[in-house]
Amino acid sequence: MELSKSTSTIISDGRTPDAKDVRAALRRLVRSSTFAGSQRLQDFLVYVVEESLNGRADDIRAKTIAMDVYGGTVSEMARRENVVRVDAGRLRRKLAEYYAEDGCDEGTVFDLPKGGYAPEISIRSPGTDQPEIPERETKTYTWSHRFIGIAGVFLIIFVSAAIALISTNRRVPVSLPVDNLSQAERSAIFDASPMRLQAVNLANSGRDLIFPALEPARLKGALTIFQGAIENDDSYFGGHAGAAQVAATLALVTPNADPTGDMLRYADTRASRAIELAPETGWSQSAKAWVEFTKGNWPEALEFAYRAQRLAPNDVHVLEFVSLILLYSGEFEKVVAISEDALSKIDLDRGYVFQNAMGSAKFHLKDFEGAVSAFEQVTEKGGPVGPVSVAYLMAAHQMLGNESKAQALSDKLSREWPDSRVDILFQRLFANPEYGVELGDAMKQANWKPKVNE
């Protein structure tokens, strides 16, 4: 499979770049320690490369990146385009750092020439060092009419990066992602503010405590952590976004009406603050989406959810909330598509809730074998396990005719979560309550008997 002819490519050894090889090199790059923690730059590069692979390199503009990657209203586009220009410079510096260190032996090289946003992709012969590229005889396939010598560009931006790192006045953007920060980024944050680094660390740890979400004590512990992040640095968006997600979840699972109302108002305030501080991050947008979903505002929830997914397609924590909102809205095919796409691009160290959401979606699509497989894979990888996943797994086995397995899971649900009423909860969560009824009927067919309050 050849790349589109509208993408710029430099050939060092006579081979034509293959899209599969290009994507493999791109995955290695975004998973490298150089790009760890730079989620927005990862999304930027993935977007422009994929657009090029799909024959749309000549259409890439700051405006298209602002709309498709960062999201936002039309009135916000001018400001977002400025963010794109700044990030393009940051991306060039990151690429220089990558090919000087982690990617020094990489055969496929990405470049973002100044003056445009269409990437140039080059293939180097095995064993060729990066600085020697301009001295080698190359054959050029022109997919656009722009070509800048890669080594020259790398030299310029590498020097610029060095100057930037030496500066003691380096500013740390408030929208810096919290996952997998590199040592250099943590040092930069510490130099700017030790309290900021503490806030980032707290928010990062809090995200892993949200699921499984039907444990109020666990949720309250997570909320305390995010509130601690806010106390350390009120200007860091992550504390507010995490607090919003946890508070909204507590509002969903708390039966008392008055605390729920207060908790939801608190969640709304925190989500708005996160959007104010970092509207360009998927985490802020997913927090706002989750709050709107909890309030029952389906159109707004879906709008923010899709925007969050565009901004951070590889952030598993963002995908958790996006997939749940799409699931409860009945967009089952989209849940499966988004989840399977993420799984094809990300090597997961453990299971995540978006995989459970995919299993639930497959159940409602009548793909019961797929549902069982999805839930079992999450369990095998140490992902979140709770009454919801057990209920769906039980129901899927029942629909497949695996009555003994369904009965065993029914017994476990009754024994370990005797007060759980997943059937009623899902009737309340789904936009169409019939999906909750469908799940409850399958559970009862498996001889699950809900506890009746005396």
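Residues numbered from 1 in each chain as written. Predicted model: local features only at pLDDT ≥ 70, side-chain atom pairs only at ≥ 80, totals over all residues. Heavy atoms only, no water.

A. Representation of the pattern of salt bridges in the model. Overall, the coordinates contain 20 salt bridges when judged by the stated rule. For lysine 366, the salt bridge identified is with glutamate 438, shortest N-O distance 2.1 Å. Residue lysine 366 is found in the loop between helix H15 (353–364) and helix H16 (368–380), and its partner glutamate 438 is found in helix H20 (residues 434–445); the two are separated by 72 residues along the sequence. Among the residues examined, lysine 366 registers a relative accessible area of 48% and is labelled partly exposed. When salt bridges that share partners are traced, they join Arg40, Asp87, Arg90 and Glu280 into one network. (Salt bridge = Lys/Arg side-chain N within 4 Å of Asp/Glu carboxyl O. Helix = DSSP H or I, 4+ residues; strand = E, 2+ residues; numbered from the N terminus. Buried < 20%, exposed > 50% of the residue type's maximum accessible area, 1.4 Å probe, protein only.)

B. Examining the nonpolar core more closely. Within the largest apolar cluster, 92 residues are counted, with the highest numbers of intra-cluster contacts made by Trp290, Leu327, Tyr328, Phe363 and Met443. When sequence neighbours within four positions are dropped, the list of residues in contact with phenylalanine 363 reads Phe368, Ala371, Tyr392, Ala395, Ala396, Met399, Glu438, Leu439 and Ala442. The next biggest cluster of nonpolar side chains, apart from the first, holds 33 residues, and it includes Leu26, Leu53, Ile65 and Val84. (Core = buried A, V, L, I, M, F, W, Y, C linked by side-chain atoms within 4.5 Å. Contact = heavy atoms within 4.5 Å.)

C. Inspection of the packing of H16 against helix H17 (residues 387–400) at higher detail. Here H16 crosses H17 at 145°, and the two axes come no closer than 9 Å. Crossing geometry of H16 relative to H17 is assigned as left-handed. On H17, the residues that touch Phe368, Glu369, Ala371, Val372, Phe375 and Glu376 of H16 are Ser389, Tyr392, Leu393, Ala396, His397, Met399 and Leu400. Taken together, the residues of the contact of H16 with H17 break down into nine nonpolar, two polar and two charged. (Axes fitted to C-alpha atoms, helices over the stretch in contact; angles between N-to-C directions. Left-handed = near helix turned anticlockwise from the far one by under 90°. Nonpolar A, V, L, I, M, F, W, Y, C, P; charged D, E, K, R; others polar.)

D. Quick look at the side chain of histidine 364. Residue position: histidine 364 is located in helix H15. You can call histidine 364 buried: its relative accessible area is 7%. A distance of 2.7 Å separates polar atoms of two side chains, one belonging to histidine 364 and the other to tyrosine 392. The residues contacting histidine 364, other than those within four sequence positions of it, are Phe332, Tyr392, Phe430, Tyr435 and Glu438. (Polar contact = N/O pair within 3.5 Å; in protein donor to acceptor, adjacent residues only side chain to side chain.)

E. Structural context of the environment of aspartate 87. Its place among the elements puts aspartate 87 in helix H4 (residues 77–100). Spatially, the C-alpha atoms of aspartate 87 and phenylalanine 44 are 8.2 Å apart, while their sequence positions differ by 43 residues. Discounting residues that sit within four places of it in the chain, aspartate 87 has contacts with Arg40, Leu41, Phe44 and Tyr70. In terms of polar contacts, aspartate 87 uses its side chain to reach the side chain of arginine 90, at 3.1 Å.

F. Quick look at the confidence of the model for the protein chain. Per-residue pLDDT for the protein chain averages 78, and the proportion of residues at 70 or more is 78%. Here strand E4 (residues 139–141) stands out as the element of the protein chain with the lowest mean pLDDT, 32, in contrast to helix H11 (residues 282–294), whose mean of 94 is the highest. Low confidence marks residues 1–14, where pLDDT is under 50. Its contacts with residues over four positions away, or in another chain, come to 67 contacts. Within the model, pLDDT remains below 50 along residues 128–179, and this stretch shows 107 contacts once partners closer than five positions in the same chain are excluded. (pLDDT = per-residue confidence, 0-100.)

G. Geometry of helix H18 (residues 403–416). Helix length check: H18 (14 residues) gives 20 Å between terminal C-alpha atoms against 20 Å at 1.5 Å per residue, within 8%. Ala406, Leu409, Ser410 and Leu413 are the residues of H18 that are buried. Taken down its axis, H18 places every buried residue within 105° of arc, on the same side. For H18, exposure combined with an orientation more than 90 degrees from the buried face picks out Ser404 and Arg415. In this structure, the buried side of H18 is in contact with H17 and H20. (Expected span 1.5 Å × (residues − 1). Arc of directions from axis to C-beta.)

H. How the structure looks around the packing of aromatic side chains. Counting across every chain of the model gives 20 aromatic pairs. Judged by centre distance (6.4 Å) and plane angle (70°), the ring pair of phenylalanine 332 and phenylalanine 430 falls under edge-to-face. Taken together, the positions of phenylalanine 332 in helix H14 (residues 332–345) and phenylalanine 430 in the loop between helix H19 (422–429) and H20 put the pair 98 residues apart, joining distant regions of the chain. Given a relative accessible area of 4%, phenylalanine 332 falls into the buried group. Judged by centre distance (5.7 Å) and plane angle (50°), the rings of phenylalanine 426 and phenylalanine 430 are tilted. Across the pair, phenylalanine 430 and phenylalanine 426 agree in class, each one buried. (Phe/Tyr/Trp six-rings, centres within 6.5 Å; stacked < 30°, edge-to-face > 60°.)

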